[in-house]
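Letter by letter, the chains look like this.
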Amino acid sequence: MKLLRLNKNNKTAFIEGMRNGIPIGLGYLAVSFSLGIAARNAGLSAFQSFAASFLCNASAGEYAGFTLIAANAAYIELALITLIVNARYLLMGCAMSQRMNPKTKLGHRLLMGFGITDELFAIAISRQGYLNPYYSYGAMLMSVPFWATGTALGTIAGNLMPLRAVSAFSVALYGMFLAVIIPPARKDKIIAGIIVFCFAASFCAAYLPMVSEISAGVRTIILTVVISACAAILFPKKQPAEEEK
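Residues numbered from 1 in each chain as written. Predicted model: local features only at pLDDT ≥ 70, side-chain atom pairs only at ≥ 80, totals over all residues. Heavy atoms only, no water.

Student: Kindly report on the nonpolar core, identifying the contributing residues and their values.
Tutor: The biggest cluster of nonpolar side chains holds 28 residues, and the ones touching the most others in it are Phe66, Met96, Met112, Ile116, Leu120 and Ile123. Mapped by element, the contributors of at least two residues to this core are α1 (2-41), α5 (88-97), α7 (118-125), α8 (133-141) and α9 (144-160). Residue contributions to this core peak at 6 residues, all from α1. Not counting residues within four places of it along the chain, the set of residues in contact with Phe66 comprises Leu35, Ala38, Ala39, Ala42, Leu44 and Ala52. (Core = buried A, V, L, I, M, F, W, Y, C linked by side-chain atoms within 4.5 Å. Buried < 20%, exposed > 50% of the residue type's maximum accessible area, 1.4 Å probe, protein only. Helix = DSSP H or I, 4+ residues; strand = E, 2+ residues; numbered from the N terminus. Contact = heavy atoms within 4.5 Å.)

See below:
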């Protein structure tokens, strides 16, 4: 009876995860289309872009990867920039591990870790009690394929559309990133200043003597680590009690 009750709970959690994952998947389909254009510009086929999105569910990480692929960067550069850009998922994984039943098997933990995205993490961590792996599986089933399919469709469309249309759709991805950085920049002047400094530093690094001779991948890694470390040291995030004071 206990086993049957457990299976029933897992089925209920799985269906609920599928239901909550549908709107996320539809959003992924729209966003990843422009990411497919970037993959096409990097020389990837539709199958390659599909596999890339299926195995790396992160827009910023994928875009950085496609940029390095287009620049013929080394594998070690690609691995490092993906690790750095997606580092926040390590923190999300730690947070989710604290909400899991101690008896949860390693296989479930690894599969849940694979499917961590900003949106999937949000809907999972907001649930009460222990996290049920089958809830995450249901949400992943309705979102990850949409993300990968949208990227592949974008690549296919990029191969069929004229060059001007491809260039226009390429701008859409930058619009997506602007939509990510503008809201926090409007609320916090420090973040706005750091964003402006990042743009300026990236521009200067591409033209300064000696620095411009370094590959684009290594420059991106260095700028990401240095700027983020300096920002964390100079402008640490205040605790709520300190903000009230």
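Student: Run through the packing of helix α3 (residues 59-70) against helix α4 (residues 75-85), naming residues and quoting values.
Tutor: Where α3 contacts α4, the two axes come as close as 9 Å, and the packing angle between them is 160°. Our classification of the angle between α3 and α4 gives roughly antiparallel. Regarding α3 and α4, the two cross each other, and that crossing is right-handed. Counted together, Ala60, Gly61, Ala64, Gly65 and Leu68 of α3 and Glu77, Leu78, Ile81 and Val85 of α4 form the full contact between these two elements. Among the residues making up the contact of α3 with α4, the classes are represented as 6 nonpolar, 2 polar and 1 charged. (Axes fitted to C-alpha atoms, helices over the stretch in contact; angles between N-to-C directions. Parallel < 35°, antiparallel > 145°, perpendicular 65-115°, else oblique. Left-handed = near helix turned anticlockwise from the far one by under 90°. Nonpolar A, V, L, I, M, F, W, Y, C, P; charged D, E, K, R; others polar.)

Student: Kindly report on the pattern of salt bridges, identifying the contributing residues and their values.
Tutor: Pairs may arise between side chains of opposite charge once their charged atoms sit close together. Tallied over the entire structure, the rule returns 1 salt bridge. Where Arg127 meets Glu16, a salt bridge forms, and the shortest distance between an N and an O atom there is 3.0 Å. In this pair, Arg127 is assigned in the loop between α7 and α8 and Glu16 in helix α1, connecting sequence segments 111 residues apart. Classification of Glu16 by relative accessible area gives partly exposed; the value is 25%. (Salt bridge = Lys/Arg side-chain N within 4 Å of Asp/Glu carboxyl O.)

Student: Could you give an account of the packing of aromatic side chains, naming the residues involved and the relevant values?
Tutor: Taken as a whole and assessed by the stated rule, the structure comprises 5 aromatic pairs. Residues Tyr28 and Trp147 carry aromatic rings whose centres are separated by 5.3 Å and whose planes lie at 70° to one another, so their mutual orientation is edge-to-face. A residue pair is termed long-range when its members are at least 10 positions apart, and Tyr28 in helix α1 and Trp147 in helix α9 qualify at 119 residues. Take Tyr28 and Trp147: they sit in the same class, and that class is buried. Look at Tyr134 and Tyr137: their rings are 5.4 Å apart centre to centre, the planes differ by 75°, and that puts the pair in the edge-to-face class. Remark: Tyr137 and Tyr134 occur in helix α8; sequence separation between them is 3 residues, near one turn of the helix. The exposure class of Tyr137 is buried, given its relative accessible area of 15%. A connected cluster of aromatic rings, assembled from ring pairs, spans Phe50, Phe54 and Phe114. Lying over the aromatic face of Tyr135, Arg127 brings its terminal NZ or CZ to 3.9 Å of the ring centre. (Phe/Tyr/Trp six-rings, centres within 6.5 Å; stacked < 30°, edge-to-face > 60°. Lys NZ or Arg CZ within 6 Å of the ring centre and 35° of its normal.)

Student: Residues and numbers for the packing of helix α6 (residues 106-114) against α8, please.
Tutor: Viewed as axis vectors pointing N to C, α6 and α8 meet at an angle of 35°, and their least axial separation amounts to 10 Å. Read as a crossing pair, α6 and α8 show a hand that is left-handed. Contacts between α6 and α8 involve Gly107, His108, Leu111, Met112 and Phe114 from the former and Pro133, Tyr134, Ser136, Tyr137 and Met140 from the latter. For the contact of α6 with α8, the per-class residue count stands at 7 nonpolar, 3 polar and no charged.

Student: Describe the side chain of Asn132, listing the residues and the values that go with them.
Tutor: Structurally, Asn132 can be placed in the loop between α7 and α8. Among the polar contacts listed, one links the side chain of Asn132 to the backbone nitrogen of Tyr134, at a separation of 2.9 Å. For Asn132, the contacting residues outside a window of four places in its chain are Asn9, Asn10 and Ala13. (Polar contact = N/O pair within 3.5 Å; in protein donor to acceptor, adjacent residues only side chain to side chain.)

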